[in-house]
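These are the residues of each chain, in order.
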Amino acid sequence: MKHRSLKSLLALSVLSALGACGGGGTSETGPASRLRPASETSAAPFSSQVTMAPAEGANVSGMVRIEVRGAQMANVELLPANGYAPRLGVFSISEDGTVAWLDLDSTTLPNGLINARVSAFDLPAGQAGATEVVAMPARTWNISNAGGTAPGTFTATLAAAPADNAVVSGTTRLEVRGSSLANVELLPATGYAPRLGVFNISADKTRAWLDFDSWSVTDGIRDVRISAYDVAEGQPGATEIVAMPPRRWQFSNGATSTFTASVTMAPSNGATIDGTTLLEVRGTGLENVELLPASGYLPRLGVFTISADKTHARLELNTANLPNGPVEARISAFSVAPGQPNAQEIIAMPARQWTVQNDGAALPSQWSVTPVPRSNRSPGTFYQDLNGSGTAVSHYIISNNSGGRVQTGMGIAYADGRVVDLETLQWQTARGVAINNAGQIAGIGRNNIFDVDVSQRGAARGFVYADGSATEIPVPTPIGIDPAKVAVQVADINNSGAVVGYSEYTDTDGGLKSHAFMYANGQRSELQLTGRSTATRANAISDTGFIVGDADYPDGTSRAYLYSNGVQTTYPILSGYTSSTAVDVNDNRQIVGSVYNNKQNGLIVNPRPFIIANDIMREIPLPAGASWGEATAINAQGQVVGSTYSVNTGSSVSDGAFLYSAGRTIDLNTLSAVSAAGIRIRGAVSINNVGQILVYDRNNDGLAQYYLLAPVQ
């Protein structure tokens, strides 16, 4: 349901000032707008303390993250309350011995009560003379996994992998589905060594996936298979199913004189196309790639942009430049630049017939543009979210003192034109973040924002506003951290009143940490995300409980994820990018967000929007003239809105907006109703399930004016 921009207008006018309010080194800016400082750890004596684990008496199911922090840890184990056997789990440990983590698959344990402790040792396992620190004294957990541990039928079927004879480069998603999956491996066509990759497996053992980094193998031709097993690695009596019989793949990542080309994205033969359509070719030694008639070389229908390493070519085909009706086209790649002699041609896509239909199909022909009133208190009003009835929630500037500290209040604008200013509630400053169809609001409040001593300014406090009062979301208590310095940032609320967001604080090592959470039915729970992420954020939640967000990793990249029923799915990055973030999700598990490569001054630079459907990420084509863009929201029909940027400056100010519907990208500023209103849409914030879009322009005073862009039935 949520609709958050990576680089919102607020960064220009308000959020930078809000960030100056301090509060334990945290800020109130959006989840993707931070640069995290590197941390240094000085020498310290052997110590160990659990920082993340299920509470005493907790029900445990699926995959559970347990984390320990300390110094000079060499071995950390999950053990019975007494004794040392059987070991229930062995932790991974960071190179500096300060962090240990275990993603415990509780389905490997019998259902029922279990007593367990976590012990840390200053020597590796098996070495004599080790000192033991009980990082977590014995706790009783109730293991509760649906279906118990009774073995079921063992099946395995390939769901995703490159075709036989495919060219493989970069990161490739491999996926197997079945039942009772205990171990899945990418192996040579014959034999069992060397293992080329080991798959992640879902808690219910029905799905296995591997984001295979093809850089881990040398370039060249290799025959591989995927095998699944019904017992864990190293256990006897394994049954093997060859989920993918041997396929021959050509690995191609390094510099090479080999010339190859194959189409990876294009409408199928017989498809109807309109708007902007993305075409993509991958290979090696690409110098020129063109969209051409089925035969001959004129007229050229489009020329592809080619990556610096000459392995990736893309064309955002504006079908408005083609006449309506049938067109036959092929895609040809050439080994030399245009006009150069001795070109070798590869037909990457043999001729296909498409029907061009640029008549506004799947989009209403008429729209209305209605101004959303500003707050009665201030012209500086910034709307953040839109619910199903067209009601919007905002924050508005109350004061901005000479120290650059901004005081804001929370407001509501109803579809009938009424505006209600809720002021700051029980805080010194407050702002609305998200609103659901019942009118419940997720927001953020702070106190002591004017204290001269930055360290004494209050940290952000998340709350839910309903029926005239605000309920504060509980603050977590990380080991060794003053709870007063822990910020609680909310991001979204669904129609059941469940809220997601993240907690943020400066750790004892000086690094900025964040942990994703959900708040529902009066209870706060931390998302048990797997992998070696250093920080996690939850950005949106659907009515069906799908949660999306992003996680940071030690190499400085971020990855979009989906979390559902205790199972986390982390998505591979589109070629040419290093990071991704997911900002919204609908009930059909369609996800939108942006991919990017780096940040400047805490802001994401050069984002491109994506949509994930059927667990496959695809880039959303941008309108003509837009250099970069980001998706901000998706509705139940799969319609996506976002903002665009025409210059590559790292600026937080967008200058256009788009609607992506039924495979077509529309520049909202080309709608006749927008032109008639005499406005220039600078960004799209949200879209609801009836197709109403919350957009904004900037007036001559430099402040935002918001509008409700609605289809006319």
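Our subject is the structure that appears above.
Throughout, residues of each chain are indexed from 1 in the direction in which the sequence is written. In keeping with the model being predicted, local features are shown solely for residues with a pLDDT of at least 70 and side-chain atom pairs are shown and tallied solely at 80 or more, while totals for entire chains, interfaces and linings include all residues. Based on all heavy atoms of the structure, the side-chain values leave hydrogens and waters out of the count.

Caption draft 1: How the structure looks around empty space enclosed by the protein. In this analysis, the protein atoms alone were mapped onto a 1 Å grid. Cavities are point sets where a 1.4 Å probe fits without being able to get out; pockets are open sets with protein on both sides within 12 Å along at least five of seven lines; lining residues have an atom within 4 Å of a point. Grid points are joined across faces, edges and corners, and a volume is the space filled by probe spheres set on the points. Within the structure shown, the criterion is met by three cavities of 30 Å³ or more. Here the largest cavity defines a volume of roughly 60 Å³. What lines the largest cavity is simply Met265, Leu278, Glu280, Arg282, His312, Arg314, Leu574, Ser575, Tyr577 and Glu619. Put simply, DSSP H or I for four residues or longer makes a helix, DSSP E for two residues or longer makes a strand, and each gets a number counted from the N terminus. In terms of residue count, the dominant contributor to the lining of the largest cavity is strand S21 (residues 276–284) (three residues). Nonpolar residues are Ala, Val, Leu, Ile, Met, Phe, Trp, Tyr, Cys and Pro. Charged residues are Asp, Glu, Lys and Arg, and all others, Gly as well, are polar. Considered class by class, the residues forming the lining of the largest cavity number four nonpolar, two polar and four charged.

Caption draft 2: Expanded view of the sheet that holds strand S8 (residues 112–121). Read from one edge of the open sheet, five strands run S2-S9-S8-S4-S5, paired in mixed fashion. Lying at the two open borders of the sheet, with one neighbouring strand each, are strand S2 (59–60) and strand S5 (89–90). Strands are treated as partners if at least two bridges between them are detected by DSSP. In this sheet, S8 lies alongside strand S4 (residues 75–80) in antiparallel orientation, the contact comprising six bridges. The residue of S8 that forms the bridge with proline 80 is alanine 116.

Caption draft 3: Up close: the pairing of strand S33 (residues 429–435). Buried residues dominate S33, accounting for seven of its seven residues. When S33 meets strand S34 (residues 441–446), the two strands line up antiparallel, connected through six bridges. Across the sheet, isoleucine 435 pairs through a bridge with isoleucine 441, a residue of S34. Following S33, the chain reverses through five residues before pairing antiparallel with S34; glycine 439 in that reversal takes a positive phi of roughly 85°. To sort residues, take the accessible area from a 1.4 Å probe on protein chains only and compare it with the maximum for the residue type: under 20% means buried, over 50% means exposed, and anything in between is partly exposed.

Caption draft 4: Focus on the sheet that holds strand S42 (residues 547–552). Across the sheet, four strands lie side by side as S41-S42-S43-S44; this open sheet has antiparallel pairing. Each edge of the sheet is formed by a strand with only one pairing partner; in this case those strands are strand S41 (535–541) and strand S44 (567–570). When the angles between neighbouring strand axes are averaged without regard to direction, this sheet yields 30°. Summarising the sheet, S42 and strand S43 (residues 558–564) pair through six bridges and their orientation is antiparallel. Opposite valine 548, over in S43, you have leucine 562 as the bridge partner. The axes used here are C-alpha line fits, helices contributing only the stretch in contact, and every angle between their N-to-C directions lies in the interval 0 to 180 degrees.

Caption draft 5: Looking closely at the environment of leucine 422. Inspection of the secondary structure assignment puts leucine 422 in the loop between strand S32 (419–421) and S33. Expressed as a C-alpha distance, the spacing of leucine 422 and glycine 409, which sit 13 residues apart in the sequence, is 6.7 Å. Setting aside chain neighbours within four positions, we find leucine 422 in contact with Tyr396, Met410, Gly411, Ile412, Ile441 and Tyr465. Whether two residues touch is decided by their heavy atoms; if any such pair falls within 4.5 Å, the residues are in contact.

Caption draft 6: Structural view of unusual backbone geometry. Here the bond from alanine 85 into proline 86 is cis, since omega is -5°, no more than 30 degrees from zero. In this structure, proline 86 sits in the loop between S4 and S5. A positive phi angle is found at serine 180, which is not glycine, with a value near 55°. Its location among the elements puts serine 180 in the loop between strand S12 (171–179) and strand S13 (183–188). Since its relative accessible area comes to 22%, serine 180 is described here as partly exposed. The residue asparagine 521 is not glycine, and still its phi comes out positive at about 55°. Inspection of the secondary structure assignment puts asparagine 521 in the loop between strand S39 (512–520) and strand S40 (523–526).

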